[in-house]
Amino acid sequence: MSATSFQPIAARPAPTDSRSLPAWLRRNLFGDWKTAGSTIVLGALLLWFVPQFLNWSLLQAVWAPDLKACRAAEGVGACWGVVAEKFRLIIFGRYPFGEQWRPLVATALMLAMLVASCTRPLWKPWLAVLWVVVLAVFFVLMYGNTLGLTKVETDRWGGLPLTILLATLSILMAFPIALAVALGRRSDLPAIRVFCTLYVELIRGVPLISVLFMASFMFPLFMPQGLTIDVLIRVLVGMTLFAAAYLAEVIRGGLQAIPKGQIEAAATLGLSYWQIQRKIVLPQALAMVVPSIVNSFISIFKDTSLVSIVSLYDLTGALDMAINADANWKPFKLQGYLFIALIYFIFCFSMSRYSQWVEKQVNKSKGR
Amino acid sequence: MSDPIISFDKVNKWYGNNFHVLRDIDLQVGRGERIVVCGPSGSGKSTLIRCINRLEEHQQGRLIVDGVEMADDVKVVDAVRKKVGMVFQQFNLFPHLTVLENLTLSPIWVNKMPKKEAQEKAMQQLERVRIAEQAHKYPLQLSGGQQQRVAIARALCLTPKIMLFDEPTSALDPEMIKEVLDVMIELAGQGITMVCVTHEMGFAKAVADSVVFMDEGQIVERSNPHDFFNTPQTERSRDFLAKILGH
Ligand SMILES: Nc1ncnc2c1ncn2[C@@H]1O[C@H](COP(=O)(O)OP(=O)(O)OP(=O)(O)O)[C@@H](O)[C@H]1O
Ligand SMILES: [Mg+2]
């Protein structure tokens, strides 16, 4: 029996051929007959659909707001002229035509603020103050009645500015409510617990449409004579309460995933209930549910399109109104819908990418 | 015993209505005394020491910690928690904070210490447990033994009079147990009162002033380590010792 001596093995590069394109194709798309089959079927579908769609939407499309050309191209090419023709109506709704620079500036400001709020170095207390200022400026610009701006009632607000306003405000207001409700459902005090549970269950039990109906038609019936609350505000409250219930459940899921030991350790260090929530529980719980929170935000954003049933003309409502009012362009409504679908998609996709970035940041700080 | 720092007087506790987990507990711990609590699983050891910093409430009897009688009163609980540090079996470090932030959290937020000072003190504690070079890592980047030493340093940052340990080495791989026990032995030499639930009999022999043996919610026996290991007083303690010492 001889002692084997240690033979060092020099490092070798990894085999490369598996990374070449043909090898990759073979492995991922044609690995066995099932994979190959589905690759062929899906490939054929794409080959059939994509060229047709590109042909319709780009090559044969009519871009100018030229009704004759559009009619001639019907069935062959898309009529993007309808968007060119109705652009300002779709984007700004019934807002007075000559004053539309106001919603433009207000919305640009709000969007800039939203983007700024997404960057980490700006997460400082003054950001909240800035938000209040930006919202105030937004309202002054939109409503007017001061600084030489003419008054524009809220029922004339519409289009993209209204969509963004509704989504932003209901998210901003729903989030703190949701935090409180989520914590409340785990409270030691039965009254608080029951109240929060009731709230969540009641709201979850009805569709958003009926909440909006109640907010805009039923609520005024119970108000004392002569006292009216603007429909925009009532709808905002309705949407906020609705969003908060769902968000609260998402957050509660995160809270439940925090081990009891974390809370006990914090308690033995002398931290108070609120300090424990703020410093230990919420940072971990929220980080855990970032994808679901953003998912809720995306839902809220898209749900704003329901407000048209209570005669507020958000982006979707404004499109309907713009095109239904004009019999000439009505046949090209589909193209209008595709256009606003693209706008919704851009917003939702940005949110989803941002959520992925946040997740990465969170995991980084976990050291995993 | 004159002026004990911890004093249980006929303490009883139930979980729910019919699970009597602590039964007529009488226990005095003197200032600077080091007690090891042992006993079979489920005998109520954790519950006993968790009463000392009010992670659990007792329902009958009196429990006095450093002159304060334990009661359902936020002020009492706060006062007691400032005096009592605790180390858990599962470390319970905060994974979203760095090691240094774990240590400075309570001094900054509870004791309102300036951040700079808190960090300096924290670094001293980390040096004490020989882990200062890891200050800026996150807990999950450390080994189990290192994490437990951080947890000990974190508890020490409040300069407690009493340290509670609940099976601090049970979740560790064998090669890491020693590094944690060494830190605890060093601590034991520095006059702090220690109540330690552990089955590390080597540790008990080396530092404990007395060993408390529990079974079925009762304190069965309390003696000094020498007597406990050589001439256990009861059948139950003999059985228990036979099991854990493996003869
Ligand atoms: N919150 C609780 N509710 C109900 N029963 C509990 C609770 N916590 C502990 N118990 C029970 O009380 C008994 C004593 O628990 P304790 O944790 O004090 O035992 P222990 O001596 O520390 O055991 P171990 O060595 O396993 O840690 C066990 O039977 C346990 O199942
Ligand atoms: Mg235990």
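Let me sum up the structure you'll find in this document. From a predicted model like this one, the values you see are computed outputs, not experimental measurements. (Residues numbered from 1 in each chain as written. Chains lettered and ligands numbered in written order. Predicted model: local features only at pLDDT ≥ 70, side-chain atom pairs only at ≥ 80, totals over all residues. Heavy atoms only, no water.)

1. Considering the site of ligand 1
Residues and elements named next belong to chain B. Neighbouring residues of ligand 1: Tyr15, Phe19, Val21, Pro40, Ser41, Gly42, Ser43, Gly44, Lys45, Ser46, Thr47 and Glu167. Contacts to ligand 1 include Ser46, whose side-chain N or O atom sits 2.6 Å from an oxygen atom. Protein contacts shield 59% of the accessible area of ligand 1, which totals 640 Å² for the unbound molecule. At the level of secondary structure, the elements contributing two or more residues to the shell around ligand 1 comprise strand E2 (19–30) and helix H1 (45–52). Residue classes in the shell around ligand 1 are distributed as 4 nonpolar, 6 polar and 2 charged. (Near = heavy atom within 4 Å. Polar contact = N/O pair within 3.5 Å; in protein donor to acceptor, adjacent residues only side chain to side chain. Areas by Shrake-Rupley, 256 points an atom, 1.4 Å probe, with all protein chains shown as cover. Helix = DSSP H or I, 4+ residues; strand = E, 2+ residues; numbered from the N terminus. Nonpolar A, V, L, I, M, F, W, Y, C, P; charged D, E, K, R; others polar.)

2. Details of the sheet that holds strand E10 (residues 218–223) of chain B
All names here are of chain B. The strand order E6-E7-E8-E3-E9-E10 describes an open sheet built from 6 strands, whose pairing is mixed. The open sheet has two edge strands with one neighbour each: strand E6 (84–87) and E10. Averaged over all pairs of adjacent strands, the angle between their axes in this sheet comes to 20°, without regard to strand direction. Taken together, the 5 bridges between strand E9 (residues 210–215) and E10 define a ladder with antiparallel strand orientation. The residue of E10 that forms the bridge with Met214 is Ile219. Packing of H1 onto the sheet brings it into contact with strand E3 (34–38), E6, strand E7 (162–166), strand E8 (193–197) and E9, and relative to E7 it is tilted by some 155°. Sheet strands touched by helix H9 (residues 235–245): E3, E9 and E10. Its angle to E9, the strand with the most contacts, is close to 100°. (Pairing = 2+ DSSP bridges. Axes fitted to C-alpha atoms, helices over the stretch in contact; angles between N-to-C directions. Contact = heavy atoms within 4.5 Å.)

3. Considering the interface of chain A and chain B
Each partner contributes to the interface: chain A provides 20 residues, whereas chain B provides 23 residues. Note on chain A versus chain B: buried area summed over both sides is about 2000 Å², and carbon and sulfur give 62% of it. Along the contact surface separating chain A from chain B lie 1 salt bridge. Arg50 of chain B is the salt-bridge partner of Glu264 of chain A, the closest N and O atoms lying 2.6 Å from each other. Linking chain A to chain B there are 7 residue pairs in polar contact (both at pLDDT 80 or more). When contributions to the side of chain A that touches chain B are tallied by element, the ones reaching two or more residues are helix H11 (260–268), helix H12 (273–288) and helix H15 (333–366) of chain A. Looking at which element gives the most residues to the side of chain A that touches chain B, the answer is H11 of chain A, with 7 residues. (Buried area = accessible area lost by both parts, 1.4 Å probe. Salt bridge = Lys/Arg side-chain N within 4 Å of Asp/Glu carboxyl O.)

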